Amino acid sequence: MASLKDQLGGLVYSTEHGDTCPDCRRPLAECACAEQAERARLAELDGIVRIRRETSGRKGKGVTTLEGIPLPAGELKALAKTLKKRCGTGGAVKEGVVEIQGDHRELLKGELEKRGYRVRLAGG
């Protein structure tokens, strides 16, 4: 394991090429860390979309979460936007998980099955 000095002592800006990535130490224009992370996320998926209702940490307010949608980040945001419009509510995309406010499990299940995804209702 690297020492604390090595972990915190990296170059973050250079007058030669501007900001640098803290992970690979390359200029941000040449950095491919985000693309590699996205490819790794997509490789881990099993092809089943899991829909669950969550209330923990939300002060009792329920949200419907969709995990395992095998789409890149840009297309995932577009899909989330259409699903939010279909439900008539708000939501967000966080780390590959689509969150839609309210309990819309059955509506989302039908909508995703129309689009050709394998869907499972998970959790309570």
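Up top is the structure.
Along each chain, numbering runs from 1 in the same order as the chain's sequence is written. The model is predicted, so local features are restricted to residues of pLDDT at least 70 and side-chain atom pairs to those at 80 or more, both for listing and for counting; the totals for chains, interfaces and linings are taken over all residues. In computing side-chain properties, one takes all heavy atoms of the structure into account and sets aside hydrogens as well as water.

A. Structural view of the pattern of salt bridges. Salt bridge, as applied in this entry: a Lys or Arg side-chain nitrogen positioned within 4 Å of an Asp or Glu carboxyl oxygen. Counting across every chain of the model gives nine salt bridges. Aspartate 46 is the salt-bridge partner of arginine 50, the closest N and O atoms lying 3.1 Å from each other. Residue arginine 115 pairs with glutamate 111 through a salt bridge whose shortest N-O separation is 3.8 Å. Relative accessibility under 20% of the residue-type maximum defines a buried residue, over 50% an exposed one, and the middle range a partly exposed one, all with a 1.4 Å probe and only protein chains included. Classification of arginine 115 by relative accessible area gives partly exposed; the value is 43%. Taking relative accessible area as the criterion, glutamate 111 reaches 13% and is therefore assigned buried.

B. Just the pairing of strand E6 (residues 97-101), in detail. Should DSSP find at least two bridges between two strands, the strands are regarded as paired. Strands are runs of DSSP state E lasting at least 2 residues, helices are runs of H or I lasting at least 4, and numbering of each runs from the N terminus. Where strand E4 (residues 63-67) lies against E6, four bridges are found, and the strand directions are antiparallel. Paired with leucine 66 across the bridge in E6 is valine 98. Pairing of strand E5 (residues 91-94) with E6 involves four bridges; the strand directions are antiparallel. Bridge pairing in E6 links valine 93 to valine 98. Adjacent in sequence and paired antiparallel, E5 and E6 are bridged by two residues, among which glutamate 95 carries a positive phi angle near 55°.

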